[in-house]
Amino acid sequence: MTRMSRARVARRIAAGAAYGGGGVGLAGAAAMGLLLAEVRMARRLVGNGTTPHVPQAEGRYGHVYATPDEPALRLVMLGDSTAAGQGVHRAAQTPGALLASGLAAVAERPVEFRNVALPGARSDDLDRQVALILADPGQVPDICVIMVGANDVTHRMPATRSVRHLSTAVRRLRTAGAEVVVGTCPDLGTIEPVQQPLRWLARRASRQLAAAQTIGVVEQGGRTVSLGDLLGPEFEANPRELFGPDNYHPSAEGYATAAMAVLPTLCAALGLWPAEEERPDAFRREGFLPVARAAAEAASEAGTEVAAAVPSGPKGPWALLKRRRRRRVQVTEPAPVTPSP
């Protein structure tokens, strides 16, 4: 599928989500039905039937930056098993811990981290997760990170319904005063046990959903980061290094790669990134595009950020597409965690 056709499909899905449509699927229903047997086999092979292990990473990070007159930043993770950190054994290796530690170092402020993500969750669980976060009006997060979409694809949730739930979650969080960064649906076509033609179909469905998610999120005032690297080219090239023991969830190195893709956008959303980094760089093919085209570009290139720019134009809303510089880093232990009171 070309980027232009992906942009058209994404725009149609997002419009259906906004106006209550429900008939736009992620891929042909007949083809998906023919491949159900292979889906079941792939699920057994990747260990989806095992009991999920999610290290407890909640608490305060960067306590060395604490000052009496400045409160800690509040960071919350929402979404599925990837947001929760399933597949690693230490709290320090989860994406939430890595992001909290990195954010504390950049901001030079402590970060109070909370995780309400649930392994196996689909986008329709976001309503419950957001309700948990906003239950106390005095504890609204400064920033929320949502990683969701993979289970929507594997459970064949209609794309319009998936995007509608995500858009609603972003709107509620933004209305409450929180910044929101969404890691869009990863490329499921690189999971090792998945064979052709399911592999092609999974990749197509993943990218369609990621592009539609981007449109929905940006229209509600959030930012997106393409998480293709999470299960994308780097994982395909180094599956033993970047996948965990179940060949489905990321390893510690994989989560570190994903966290480093998201961290610059997290900092930019909070106004912590250098001003020169916020200007589009033509050399890196950054710039302003119609939101649907920006969404399609991002879905095809992992680590790409999309943020709202101009609310209307000749082709509808426009967005800023950024390819922020990223470096592969060694996995290190975050700052010690002090449990929240």
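Fair warning: this is a prediction, and the values are worked out from it, not measured in the lab.

Visitor: Just checking my understanding: could you explain the overall build of the protein for this structure?
Guide: Of regular secondary structure, the protein possesses 13 helices and nine strands. Expressed as a percentage of the 341 residues in the protein, the buried residues total 55%. Once local pairs closer than 6 in sequence are excluded, the contacts in the protein between residues at least 24 apart make up 81%. Only carbon and sulfur atoms are counted for the fraction: they give 55% of the accessible area of the protein, which is about 14700 Å².

Visitor: How should the pattern of salt bridges be read in this particular structure?
Guide: A side chain with one charge can pair with a side chain of the opposite charge if their charged atoms come near. In total, this model carries 13 salt bridges according to the counting rule given. For Glu-70, the salt bridge identified is with Arg-109, shortest N-O distance 3.7 Å. Residue Glu-70 is found in the loop between strand E1 (59–61) and strand E2 (73–79), and its partner Arg-109 is found in the loop between helix H5 (95–107) and strand E3 (111–115); the two are separated by 39 residues along the sequence. Relative accessible area serves as the criterion here: at 19%, Arg-109 is assigned to the buried category. As a salt-bridge pair, Arg-128 and Asp-125 come within 2.8 Å of each other at their nearest N and O atoms. Here Arg-128 falls in the partly exposed class, since its relative accessible area comes to 37%. Three or more residues are tied together by salt bridges with common partners; here these are Asp-281, Arg-284, Glu-286 and Lys-322.

Visitor: Before we go on, may I ask you to explain empty space enclosed by the protein in this structure?
Guide: Summary: where empty space remains is shown by rolling a probe the size of a single water molecule over the atoms. Evaluation of the coordinates by the stated rule reveals two cavities of 30 Å³ or more. By volume, the second largest cavity is sized at about 40 Å³. Looking at the second largest cavity, it is lined by 10 residues, and the ones nearest its centre are Asp-80, Thr-82, Met-147, Val-148 and Pro-186. Class assignment of the residues belonging to the lining of the second largest cavity gives a composition of five nonpolar, four polar and one charged.

Visitor: Looking at this structure, how should I read unusual backbone geometry?
Guide: Leaving glycine aside, a negative phi is the common case for residues, and trans is the common case for peptide bonds. Its identity as a non-glycine residue notwithstanding, Glu-108 has a phi of 55 degrees, on the positive side. Here Glu-108 shows up in the loop between H5 and E3. According to the relative accessible area criterion, Glu-108 is exposed, its value standing at 53%. In this structure, Arg-285 takes a positive phi of about 60 degrees despite not being glycine. By secondary structure assignment, the location of Arg-285 is in the loop between helix H12 (252–269) and strand E7 (287–290).

Visitor: What should I look at first to understand the environment of Leu-118 in this one?
Guide: With respect to the helices and strands, the residue Leu-118 is situated in the loop between E3 and helix H6 (126–133). You can call Leu-118 partly exposed: its relative accessible area is 38%. Separated by 35 residues in sequence, Leu-118 and Ala-83 have C-alpha atoms that sit 7.9 Å apart. Those residues in contact with Leu-118, other than ones at most four positions away along the chain, are Gly-79, Asp-80, Ser-81, Asp-125, Arg-128 and Gln-129.

What counts, and where the lines are drawn
- Residues numbered from 1 in each chain as written.
- Predicted model: local features only at pLDDT ≥ 70, side-chain atom pairs only at ≥ 80, totals over all residues.
- Heavy atoms only, no water.
- Helix = DSSP H or I, 4+ residues; strand = E, 2+ residues; numbered from the N terminus.
- Buried < 20%, exposed > 50% of the residue type's maximum accessible area, 1.4 Å probe, protein only.
- Contact = heavy atoms within 4.5 Å.
- Areas by Shrake-Rupley, 256 points an atom, 1.4 Å probe, with all protein chains shown as cover.
- Salt bridge = Lys/Arg side-chain N within 4 Å of Asp/Glu carboxyl O.
- 1 Å grid on protein atoms, 1.4 Å probe; cavity = no way out; pocket = protein on both sides within 12 Å on 5 of 7 lines; lining within 4 Å.
- Points joined across faces, edges and corners; volume = space filled by probe spheres on them.
- Nonpolar A, V, L, I, M, F, W, Y, C, P; charged D, E, K, R; others polar.

Taken by themselves, the reported measurements are silent on function.
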